[in-house]
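# Architecture at a glance
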Amino acid sequence: LLLWKSIYSSGGGRVIEGFTLNMMIWYLVMTEIVTLSTTDYYREVSTDIKTGNIAYLLNKPYHYVTYSFFNNMGKIMVRMMVNMIVGFGVATIFVRPLDGLLIYSLPFVFICLLLGIMINYFINFALALTAFWVEENTPFRWIFQKLVFTLGGMLLPLDLFPEWLGSISKKLPFAYITYAPGKLFVDYSFGRFVEVFIGQVIYLVVAMLICYGVYRKGVTKVNVNGG
């Protein structure tokens, strides 16, 4: 907060690339909600595969990926609600409620927020499944997280990027995880919602297909430590 107050005061302007200080803080609150609501399913999946526990789970009367998704989404939803209460409370205290907030936009923002979390989940899950072939796959998660932090606009709105980089980044899946829901919240329009929603659905379907495909490929040759 102090950093952004200093940036806005030193810049001599109240608006930077369409963002007021109030909008910027609320934008960052929304992007943080997505990233802080995740659970440690990446490590759990990797551990199941590396220890051979996956061999026992395959005999259960449910699909491993589907079961893990619903199990973790329950935990993620609880975390998301807690983060929203805390984040909204802190932002309201320090920079007051969002300027121009449209109450009727909240259900649409929540849908996009949830879709962003789901895209993040399935991409991370697919990366965790690389443990079928790679002994240490933690760096894949680190790389993906850093891409979300930067090209996904978690730390900085993509509108502040150079035009060429911002236009490319806005089309990547990372942007639909954090940037798109955050920007929709602070600058809502139904047209923007439709555009974000369509993009998120497309990336979610692609992420799910990749995730289930990697899983199907991996279980055909269960070759894990101790398994």
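Since the model is a prediction, treat every value here as computed from it, not as a measurement. Each chain has its residues counted from 1, following the order in which its sequence is written. The predicted origin of the model limits local features to residues at a pLDDT of at least 70 and limits the giving and counting of side-chain atom pairs to 80 or more, whereas totals for whole chains, interfaces and linings rest on all residues. Values shown for side chains rest on all heavy atoms present in the structure; no hydrogens or waters enter the calculation.

Non-glycine residue Glu17 carries a positive phi angle of around 50°. Comment: elements are numbered from the N terminus, with helices defined as DSSP H or I runs of at least four residues and strands as E runs of at least two. Here Glu17 lies in the loop between strand E1 (15-16) and strand E2 (19-20). Judged by relative accessible area, Glu17 falls into the exposed class, the value being 54%. Of note in this structure, Arg96 is not a glycine but carries a positive phi near 65°. Here's how the labels work: a residue is buried when its accessible area is under 20% of the maximum for its type, exposed when over 50%, partly exposed in between, all with a 1.4 Å probe on protein chains only.

Here the focus is a nonpolar patch on the surface. A residue counts toward a patch only above 30% relative accessible area and without a salt bridge, and it is joined to like-charged neighbours within 9 Å or, for Val, Leu, Ile, Met, Phe, Trp and Tyr, to nonpolar neighbours within 5 Å. Note on areas: these come from Shrake-Rupley sampling with a 1.4 Å probe, and a residue is covered only by the protein chains present in the view. When a carboxyl oxygen of Asp or Glu lies within 4 Å of a side-chain nitrogen of Lys or Arg, that pair is called a salt bridge. A cluster of nonpolar side chains, Ile111, Phe190, Val194, Phe197, Ile198, Ile202, Val206 and Ile210, forms an exposed patch at the surface whose accessible area comes to about 680 Å². Position of Ile198 among the secondary structure elements: in helix H11 (residues 190-219). Accessibility expressed as a relative area gives 47% for Ile198, which makes it partly exposed.

Contact geometry of helix H3 (residues 41-51) with helix H6 (residues 106-128) gives a least axis separation of 9 Å together with a crossing angle of 25°. The angle between the axes of H3 and H6 places the two elements in the roughly parallel class. As for the relative orientation of H3 and H6, their crossing is right-handed in sense. Counted together, Tyr41, Tyr42, Val45, Ser46 and Ile49 of H3 and Asn120, Tyr121, Asn124, Phe125, Leu127 and Ala128 of H6 form the full contact between these two elements. Where helices are involved, their axes are fitted lines through C-alpha atoms of the stretch in contact, as for all axes, and angles between N-to-C directions lie from 0 to 180°. Angle categories are assigned with fixed cut-offs, so that under 35 degrees is roughly parallel, over 145 is roughly antiparallel, 65 to 115 is roughly perpendicular, and the rest are oblique. Helix crossings are classified by the rotation of the near helix relative to the far one: an anticlockwise turn of less than a right angle makes the crossing left-handed, while a clockwise turn makes it right-handed. Every residue pair with non-hydrogen atoms within 4.5 Å of one another is taken to be in contact.

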